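# Structure assessment
Take a look at the letters that make up each chain.
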Amino acid sequence: MGTTVKVGSKIYLLGGGTWTNGGDPVVTNNIFVSTINPDGSLSSWSYANKTLPTPLIGHSAFESNGKIIVIGGAVNSALIATNLMYVSQVDGVGNLGEWQTATLPFYARSAMVAKVNGDIVHAGGYAGGFLSKVYYAKLDANGLPVDWTLSANSLPGVNCCTAMAVWNNRMYIIGGHNGGYLNTIWSATMGDAPPLPTPTPTPTPTPVVVKFDLPFAYAGRPNATAKQFKTAFWSRLTAAFDHVFATGVFRPFTGTRYTPAACLGGMVGIKCYDSHN
């Protein structure tokens, strides 16, 4: 349950654990390195110039801009998932630089991780239970993952403890474990689910108000002139309509004085106004 990563002509085996007679694993922080020969064969393995910053098991690793980036894993035989990322720059002869540590927005071990074009994809794994979540992040100009995002598309089911392969922008997860061993093959293309477009908000219509003048002088009544009418009419319109609907009486503007039966004194207040349209 260690992991390997290729940087240039070197291949590195990082961490892992060994079991003896079925007991708990002994977790290591050792890193071994081998050179890939021109014919594809490997040179003898040797210890790298540095170890991991902590013993790790069930972690994942990938190369980016000459860096080894290690994600997640567990630090001891309890196999409790971490949320840490370790980064080391590899120099021109294959030596590792000092490890830098960052925090991930998720906990996982035994996940499936791969580079897909300019993104890094982290799928499934185990953290107190088997996982189906998929996270992805862009790689910045320095090759570091930034802006981890939870994908809207989870795996078809929970899965851990296998690997992810990439060919022609398509990711493949073969087999795995979800409490039992799997013989399935899952695949997906990066970018199958583009973000939904932001809907264009419906503009709020601007109310249209057309005021009008009184067509003639309403002598003998309050607000009889056109100017007075403009001032008073709109503030009393609702009350007037309420009065119309209550009585069911509609009358045109004719200039005739109306004296409702309920208000023999004529225009004494808004409650006594008869309505017109």
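About the thresholds
Residues numbered from 1 in each chain as written. Predicted model: local features only at pLDDT ≥ 70, side-chain atom pairs only at ≥ 80, totals over all residues. Heavy atoms only, no water. Salt bridge = Lys/Arg side-chain N within 4 Å of Asp/Glu carboxyl O. Helix = DSSP H or I, 4+ residues; strand = E, 2+ residues; numbered from the N terminus. Buried < 20%, exposed > 50% of the residue type's maximum accessible area, 1.4 Å probe, protein only. Pairing = 2+ DSSP bridges. Core = buried A, V, L, I, M, F, W, Y, C linked by side-chain atoms within 4.5 Å. Contact = heavy atoms within 4.5 Å. Phe/Tyr/Trp six-rings, centres within 6.5 Å; stacked < 30°, edge-to-face > 60°.

## Looking at the pattern of salt bridges
Inspection of every chain in the model, using the stated rule, returns three salt bridges. Close ionic contact of Lys50 with Glu98 constitutes a salt bridge, the shortest N to O distance being 2.8 Å. With Lys50 in the loop between strand S4 (46-47) and strand S5 (60-64) and Glu98 in the loop between strand S7 (82-89) and strand S8 (100-108), this residue pair connects regions lying 48 residues apart in the sequence. One salt bridge in this structure joins Asp119 and Lys138, with 3.3 Å as the shortest N-O distance. Of this pair, Asp119 sits in strand S10 (residues 119-126) while Lys138 sits in strand S11 (residues 130-139), and the two are 19 residues apart along the sequence. Judged by its relative accessible area of 8%, Asp119 falls in the buried class.

## Examining the pairing of strand S1 (residues 3-7)
Burial along S1 is one-sided: the face carrying Thr3, Val5 and Val7 is buried and the face carrying Thr4 and Lys6 is not. Relative to strand S2 (residues 10-18), S1 is paired through five bridges, and the arrangement is antiparallel. Opposite Thr3, over in S2, you have Leu14 as the bridge partner. Taken together, S1 and the strand that follows it, S2, pair antiparallel across an intervening segment of two residues, in which Gly8 is found at a positive phi of about 60°.

## Topic: the nonpolar core
Proteins that are soluble and globular tend to have nonpolar side chains buried together. In terms of nonpolar packing, the biggest core is built from 16 residues, with Tyr12, Leu14, Ile31, Ile68, Val70, Leu96 and Trp99 touching the most fellow members. Discounting chain neighbours no more than four positions away, the residues touching Tyr12 are Thr3, Thr4, Val5, Val7, Ile31, Phe32, Val33, Ile68, Val90, Gly94 and Leu96. With 14 residues, the next largest nonpolar core counts Leu104, Ala108, Ile120 and Ala137 among its residues.

## Description of the environment of Ile36
Along the chain, the position of Ile36 falls in the loop between strand S3 (26-35) and S4. Sequence spacing of Ile36 and Lys10 is 26 residues, and the spatial spacing of their C-alpha atoms is 5.9 Å. Ignoring any residue separated from it by four or fewer positions in sequence, one finds Ile36 in contact with Lys6, Ser9, Ile11, Ser41 and Leu42.

## Describing the side chain of His122
Here His122 is to be found in strand S10. Owing to a relative accessible area of 3%, His122 belongs among the buried residues under this scheme. Sequence-distant contacts of His122, defined by excluding residues within four places in its chain, comprise Ile71, Phe106, Ala108, Ala111, Met112, Val113, Lys133, Val134, Tyr135 and Trp148.

## As for the packing of aromatic side chains
Counting across every chain of the model gives four aromatic pairs. Measuring from centroid to centroid gives 4.4 Å for Phe106 and Tyr135, while their planes differ by 25°, and the two rings are stacked. Here Tyr135 lies in strand S11 and Phe106 lies in strand S8, a separation of 29 residues in the sequence. Note on accessibility: Phe106 and Tyr135 belong to one class, buried. When the ring of Tyr126 is compared with that of Phe130, the centres are 4.9 Å apart and the planes differ by 80°; the resulting orientation is edge-to-face. For Phe130, a relative accessible area of 28% puts it in the partly exposed group.

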